[in-house]
Amino acid sequence: RMDRLAPPARRAHVLACGRVAYEWEQTLDAVSVYVRAPPGARGRDLDVALEPTRARVGVKGNAPYMEHELWARVKASESTWTLADGELALTLVKATRGEAWRSPFAAHGDASDAKEDERDKQRLMLERFQAENPGFDFSDASFNGQTVPDASTFMGGCGGG
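Residues numbered from 1 in each chain as written. Predicted model: local features only at pLDDT ≥ 70, side-chain atom pairs only at ≥ 80, totals over all residues. Heavy atoms only, no water.

1. As for the sheet that holds strand S6 (residues 66–69)
Right, so step 1: Pairing within the open sheet is antiparallel, and its three strands lie in the order S4-S5-S6. For this open sheet the edge positions go to strand S4 (46–50) and S6, each flanked by a neighbour on one side alone. Each strand of the sheet is rotated relative to its neighbour by a mean of 5°, with strand direction disregarded.
Right, so step 2: Bridge count between S4 and strand S5 (residues 54–59): five bridges; the pairing is antiparallel. Its bridge partner being in S5, Asp-47 is matched across the sheet by Gly-58. (Pairing = 2+ DSSP bridges. Helix = DSSP H or I, 4+ residues; strand = E, 2+ residues; numbered from the N terminus. Axes fitted to C-alpha atoms, helices over the stretch in contact; angles between N-to-C directions.)

In structure tokens, the structure reads:
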């Protein structure tokens, strides 16, 4: 059942020139950011820093090619990165479980699509309900009303985070 509540597709941040800068998705617990690594780069070649309020990615000995303030705080000691098949994956563990991020990076939140934001918020709320009530299937549930509750604060919050 939880698989049916997984992010349906990665969201893309597209630059003005039409190039995808990165893709991303989120769950109750984490935000994952996917970036193409420089051709031929190996993990030991990269300089990646995941801090509570910012992320930096670069090639050792060079200026970072991506450095941004994060949308919200993360647990830096639990956040990780991997490199596979030329794709760098940053897994940012949310400091506030269930918080819906409009973008991985603060500067890109205004470019976020409101409908996608609302779909993410609904999916996170349903993911929370599923985690709290494993015997029930919330995959086809929907919300009535104007806005979906915030999964991080609704009825006392998520806990476990």
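Picking up where we left off.
2. Re the environment of Arg-54
Right, so step 1: Tracing the backbone through its elements, the reader meets Arg-54 in strand S5.
Right, so step 2: Arg-54 sits 103 residues away from Gly-157 along the chain, and the two C-alpha atoms are 25 Å apart.
Right, so step 3: Sequence-distant contacts of Arg-54, defined by excluding residues within four places in its chain, comprise Ala-49, Glu-67, His-68, Glu-69 and Leu-70.
Right, so step 4: In terms of polar contacts, Arg-54 uses its side chain to reach the side chain of Glu-67, at 3.4 Å. (Contact = heavy atoms within 4.5 Å. Polar contact = N/O pair within 3.5 Å; in protein donor to acceptor, adjacent residues only side chain to side chain.)

3. Quick notes on the sheet that holds strand S3 (residues 30–36)
Right, so step 1: The sheet built from five strands is open, its strands ordered S1-S2-S3-S8-S7 with antiparallel pairing. Where the open sheet ends on each side, the last strands, each with one partner, are strand S1 (11–14) and strand S7 (80–84). Each strand axis lies, on average, 20° off the axis of its neighbour in the sheet, ignoring direction.
Right, so step 2: Looking at chain direction, strand S2 (residues 20–26) and S3 are connected through four bridges and run antiparallel. Across the sheet, residue Glu-23 finds its bridge partner in S3, namely Tyr-34.
Right, so step 3: Across the sheet, helix H1 (residues 114–132) touches S1 and S2, and the angle it forms with S2 is around 30°.

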